[in-house]
Amino acid sequence: MAGAEELPLLHSNTKGHKDEQSARKRFVIILMGVLMLAYSIAEIGAALWLHSLTMFSDGLHNLSDAASLAVAYWAETAKSKAPSNDMTFGWRRTELLGGLSNGLFLLAICTMIFLEAIPKLAYPEKINKTSGLYLIIVAAVGMVLNCIGMVALGGHGHSHGGGGSHGHSHGKPKASEGHGHSHEDHGHSHESHGHSHEDHSQIHANAVDHNMWGLFLHFAGDVVTSLLVLVVGVLIYQHQHLSWVRYADPVASMLSVLIICISAWPLVKSCSLILLQSSPTNIDLDELQRRISHVDRVLDIHELHLWQLVDGVVIGTVHLAVVRGGDDNKLQGKVKGLLHSFGIHSTTIQLELCDDPSRVVPGACSEFGNCVSGCNADPCCPTTPARRSVSSINNAESNLLV
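A. Representation of the overall build of the protein chain. When you go through the protein chain residue by residue, the secondary structure sums to nine helices and four strands. With 402 residues in all, the protein chain has 48% of them scored as buried. Sequence separation of 24 or more characterises 80% of the internal contacts of the protein chain that already satisfy a separation of 6 or more.

Below, the structure written as structure tokens:
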């Protein structure tokens, strides 16, 4: 959201504030969990007594908040665990599980409320002035409580629409620290690996914490639902004698369902795409390949993969067939500099050194493959449009100039 103020809880912060930020999140989660559990039980009881579907849907929504807060607390606590041999990336992705579960919970509740509203529209129930007064009181309390939750979580949220990120480092690119090795056989060396693992805490502040985003959507949805309950209560209290007012409750419920679904779906989609390791939508893969292809000594580009550990933490791997004879560390430094400029700060570059450029097969690894010679489990290098040789990229550019 252009010009939006960055959020203290919803967005990543510097490493120095990481522990303090996490502790604050956990405190907010516990506090709001206790309040929401008590309020939701009271609201559901009142809804059953008053036979109000809108209030009942709001109560279930608030009860789901209490459950979601429990999931969010686990996710927030687990993601700070250090990496281990079993979890080499650590538990960072628990925030995605928290966000996804919250989003799916919202969609499930919306489905149930929608199905409950259909018979209410066909056979609207009788209403009375007292019911309207109770609706107003309960809705007003709910709005105050949920507004407190929204403010505690940062005020508002945004998504990158499909799991894209805008992650980049605010510091200078690190110098290339390549380290290579070769396996001499069949006239050329197989590979040389370069690794770069920058501090993930320096990603751009636009990176969304999906766990907190999911919680925020819960509270935002509750505010909308409480507002609709309030409107229904006022209509019943002031105009209970009008026949159409009987339809206000189920209609408000359906409107609430529509608004919550519209807000929850991007969260579910974003978490799912990151867990499926899709490429970030804000990175132009074709342009990145074109830029790499212009690096001196590069003959072919294949196995270029981009994915996100969490939103804003982009990881990239690439295989490059290059001419033997030159400074490999300098070449890796140039490629890592390009990846850095595209917001990719954790990279692995595999160099496949070649004595005879004519033996390079576009879109394929060296004759050793991605593993060792004769390995039947080699999954590497199918020839696809996403893995084009330098010659095919240059030919495509030439055709554009004709």
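B. Structural view of unusual backbone geometry. Of note in this structure, Arg-297 is not a glycine but carries a positive phi near 85 degrees. Of the residues examined, Arg-297 reaches a relative accessible area of 14% and is grouped as buried. Notably, Glu-303 is not glycine yet its phi reads approximately 50 degrees, a positive angle. Mapped onto the elements, Glu-303 comes out in strand S2 (residues 298–308).

C. Expanded view of a nonpolar patch on the surface. On the surface, Trp-49, Leu-133, Tyr-134, Ile-137 and Val-141 cluster together into a nonpolar patch covering about 500 Å² of accessible area. For the nonpolar patch, the leading source of residues is helix H4 (residues 129–152), giving four residues. Relative to the assigned elements, Trp-49 resides in helix H1 (residues 18–50).

D. A look at the packing of aromatic side chains. Across all of its chains, the model carries two aromatic pairs by this definition. On the numbers, 5.1 Å between centres and 65 degrees between planes, the contact of Trp-49 with Tyr-134 is edge-to-face. With Trp-49 in helix H1 and Tyr-134 in helix H4, this residue pair connects regions lying 85 residues apart in the sequence. Where Phe-89 meets Trp-307, the ring centres are 5.7 Å apart and the plane angle is 85 degrees; that geometry is what we call edge-to-face. Taken together, the residues Phe-89 in the loop between helix H2 (53–78) and helix H3 (94–122) and Trp-307 in strand S2 connect sequence positions 218 residues apart. The class for Trp-307 is buried, based on a relative accessible area of 14%. One Lys or Arg, Lys-81, reaches over the ring of Trp-91 and ends 4.8 Å from the middle of that ring. The lysine or arginine in question, Lys-129, covers the ring of Tyr-237, its NZ or CZ lying 4.8 Å from the ring centre.

E. Here's a closer look at the pattern of salt bridges. This model, assessed by the stated rule, comprises three salt bridges. One salt bridge connects Glu-287 with Arg-290, and the closest N-O pair in it is separated by 2.7 Å. Here Glu-287 pairs with Arg-290, and both are found in helix H7 (residues 285–293), just three residues apart, close to one helical turn. The shortest N-O distance in the salt bridge between Asp-328 and Arg-297 comes to 3.0 Å.

F. Focus on the nonpolar core. Counting residues in hydrophobic clusters, the biggest one holds 32 residues, and the most contacted among them are Met-32, Met-55, Leu-69, Leu-153, Leu-215 and Phe-219. Of all elements in the fold, only H1, H2, H4, helix H5 (210–239) and helix H6 (248–275) reach the threshold of two or more residues within this core. In terms of residue count, the dominant contributor to this core is H5 (ten residues). Discounting residues that sit within four places of it in the chain, Leu-215 has contacts with Ile-29, Ser-68, Leu-69, Ala-72, Asn-102 and Leu-153. Of all hydrophobic cores here, the second largest spans 22 residues; its members include Leu-96, Ile-260, Leu-267 and Ile-274.

G. Highlighting the state of the cysteines. Across all of its chains, the model carries zero disulfides by this definition. Looking at Cys-261, it has no disulfide partner, and the nearest cysteine sulfur is the one in Cys-110, 3.7 Å off. Its relative accessible area of 25% is what places Cys-261 among the partly exposed residues.

H. Molecular detail of the pairing of strand S3 (residues 314–323). Across the ten residues of S3, eight count as buried, placing the element largely inside the fold. Bridge count for S2 against S3 is eight bridges, and the pairing is antiparallel. Across the sheet, the residue bridging to Gln-308 is Val-314, located in S3. What sits between the antiparallel neighbours S2 and S3 is a turn of five residues, in which Gly-312 has the positive phi angle 95 degrees. Examined bridge by bridge, S3 and strand S4 (residues 346–354) share nine bridges and lie parallel to one another. By the bridge assignment for S4, Thr-317 is matched with Thr-348. Once you follow S3 into helix H8 (residues 328–341) and on to S4, the crossover reads as right-handed.

I. The arrangement of H8 in detail. With 14 residues, H8 extends 20 Å from end C-alpha to end C-alpha; this agrees with the ideal 20 Å at 1.5 Å per step. Of all the positions in H8, only Asp-328, Leu-331, Gln-332, Val-335, Lys-336, Leu-338, Leu-339 and His-340 are classed as buried. For H8, the N-terminal capping position is held by Asp-327, with its side-chain oxygen 3.1 Å away from the main-chain nitrogen of Asn-329. One or two positions beyond H8, positive phi appears at Gly-343, with a value near 85 degrees.

J. View of the environment of Arg-291. Its place among the elements puts Arg-291 in helix H7. Taking the relative accessible area as the measure of exposure, Arg-291 reaches 32% and is therefore partly exposed. Sequence spacing of Arg-291 and Val-335 is 44 residues, and the spatial spacing of their C-alpha atoms is 8.9 Å. Those residues within four positions of Arg-291 in sequence are excluded, and the remaining contacts are Leu-338, Ser-341 and Phe-342.

K. Seen up close, the packing of H5 against H6. The interhelical angle for the contact between H5 and H6, taken along N-to-C directions, is 170 degrees, at an axis separation of 9 Å. As judged from the angle between their axes, H5 and H6 are roughly antiparallel. Of the residues contributing to the contact of H5 with H6, the split by class is 16 nonpolar, seven polar and one charged.

The rules behind the values
Residues numbered from 1 in each chain as written. Predicted model: local features only at pLDDT ≥ 70, side-chain atom pairs only at ≥ 80, totals over all residues. Heavy atoms only, no water. Helix = DSSP H or I, 4+ residues; strand = E, 2+ residues; numbered from the N terminus. Buried < 20%, exposed > 50% of the residue type's maximum accessible area, 1.4 Å probe, protein only. Contact = heavy atoms within 4.5 Å. Patch = residues over 30% accessible without salt bridge, like charges linked within 9 Å, V, L, I, M, F, W, Y side chains within 5 Å. Areas by Shrake-Rupley, 256 points an atom, 1.4 Å probe, with all protein chains shown as cover. Salt bridge = Lys/Arg side-chain N within 4 Å of Asp/Glu carboxyl O. Phe/Tyr/Trp six-rings, centres within 6.5 Å; stacked < 30°, edge-to-face > 60°. Lys NZ or Arg CZ within 6 Å of the ring centre and 35° of its normal. Core = buried A, V, L, I, M, F, W, Y, C linked by side-chain atoms within 4.5 Å. Disulfide = S-S within 2.5 Å. Pairing = 2+ DSSP bridges. Right-handed = clockwise from strand over helix to strand, strands pointing away. Expected span 1.5 Å × (residues − 1). Polar contact = N/O pair within 3.5 Å; in protein donor to acceptor, adjacent residues only side chain to side chain. Axes fitted to C-alpha atoms, helices over the stretch in contact; angles between N-to-C directions. Parallel < 35°, antiparallel > 145°, perpendicular 65-115°, else oblique. Nonpolar A, V, L, I, M, F, W, Y, C, P; charged D, E, K, R; others polar.

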